[in-house]
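Listed below are the residues making up each chain.
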Amino acid sequence: DVKVTQSSRYLVKRTGEKVFLECVQDMDHENMFWYRQDPGLGLRLIYFSYDVKMKEKGDIPEGYSVSREKKERFSLILESASTNQTSMYLCASSPKTGGPETQYFGPGTRLLVL
Amino acid sequence: EDQVTQSPEALRLQEGESSSLNCSYTVSGLRGLFWYRQDPGKGPEFLFTLYSAGEEKEKERLKATLTKKESFLHITAPKPEDSATYLCAVQESGYSSASKIIFGSGTRLSIRP
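The model shown is predicted, which means the values in this text are computed figures rather than measured ones.

This part covers the sheet that holds strand β6 (residues 56–59) of chain B. Residues and elements named next belong to chain B. In spatial order, the strands read β1-β3-β8-β7-β6; together these five strands make up an open sheet with antiparallel pairing. Across the chains shown, the open sheet's two edge strands, defined by having one partner strand only, are β1 (3–7) and β6. Across this sheet, the average inter-strand angle for adjacent strands is 15 degrees, counted without regard to direction. Here strand β7 (residues 62–66) runs beside strand β8 (residues 70–75); their pairing, made up of five bridges, is antiparallel. Across the sheet, residue Ala64 finds its bridge partner in β8, namely Leu73.

So, in structure tokens, the structure goes:
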């Protein structure tokens, strides 16, 4: 059974804290993605990575950074958390040449920034 | 500007009461339209891809159809286990990577026994 796992289901942080969200996939996929999902706005792409140490900005990268040191692991970093980063964060992975129909999503991390 | 709009935002049906969800889109050229199901506390799960107007795909009680401006997800005789949020997404022609898709905000479907 293929899996994308995320380190936390729920997270509560204070404004200004540095936050790490971790995602691990066991399918040997080259591509990994971070989205945020907000009511009324749908899923929006923050960053994606197509290989180890490679990354590209998505539609809303401001306030975020990412790290991909190993193929199976993709981390999203909030350098200084702000209340407007309260959201559901979803990680996904797909094969190198795979389209949207080949994406597998993790269960999400619901982040609350106070 | 490319856009995907889903309606209604929420839909409550009685078990067995058929209905349709709408996804209207604006892109300069369509490579594909995608439907997903998302259960509470889970990530989206892929259901269908539609590539051209007139195309239809079916899976159990769900049937997706596509025109040049919109897609419908028809639910026939739904059961409580069909309760979920249904997401629509489009990909513009010229792109194949999953990094180039636009999601709608979803329709939250609730089926009462």
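This part takes up unusual backbone geometry. Residue Ser7 of chain B is joined to Pro8 of chain B through a cis peptide bond whose omega torsion reads -10 degrees. Phi is positive for Asp28 of chain A, close to 60 degrees, though the residue is something other than glycine. Along the chain, Asp28 of chain A falls in the loop between β3 (19–25) and β4 (31–38). Using a relative accessible area of 52% as the deciding quantity, one classes Asp28 of chain A as exposed.

Calculation notes
- Sequence order as written defines the numbering, with residues in each chain counted from 1.
- As a convention, the first chain written is A and the first ligand written is 1, with the rest following in written order.
- Note on the predicted model: pLDDT of at least 70 is required for a residue's local features to be given, and 80 or more for side-chain atom pairs to be given and counted; whole-chain, interface and lining totals, by contrast, use all residues.
- To obtain the side-chain values, all non-hydrogen atoms of the structure were included, while hydrogens and water were left out.
- Here, a strand pair is defined by DSSP locating no fewer than two bridges between the strands.
- Here a strand is any run of E in DSSP of at least two residues, a helix any run of H or I of at least four, and the numbering for each starts at the N terminus.
- All axes here are fitted lines through C-alpha atoms, helices being fitted over the stretch that makes contact, and every angle between N-to-C directions spans 0 to 180 degrees.
- When accessible area is computed with a 1.4 Å probe and restricted to protein chains, residues below 20% of their type maximum are described as buried, those above 50% as exposed, and intermediate ones as partly exposed.

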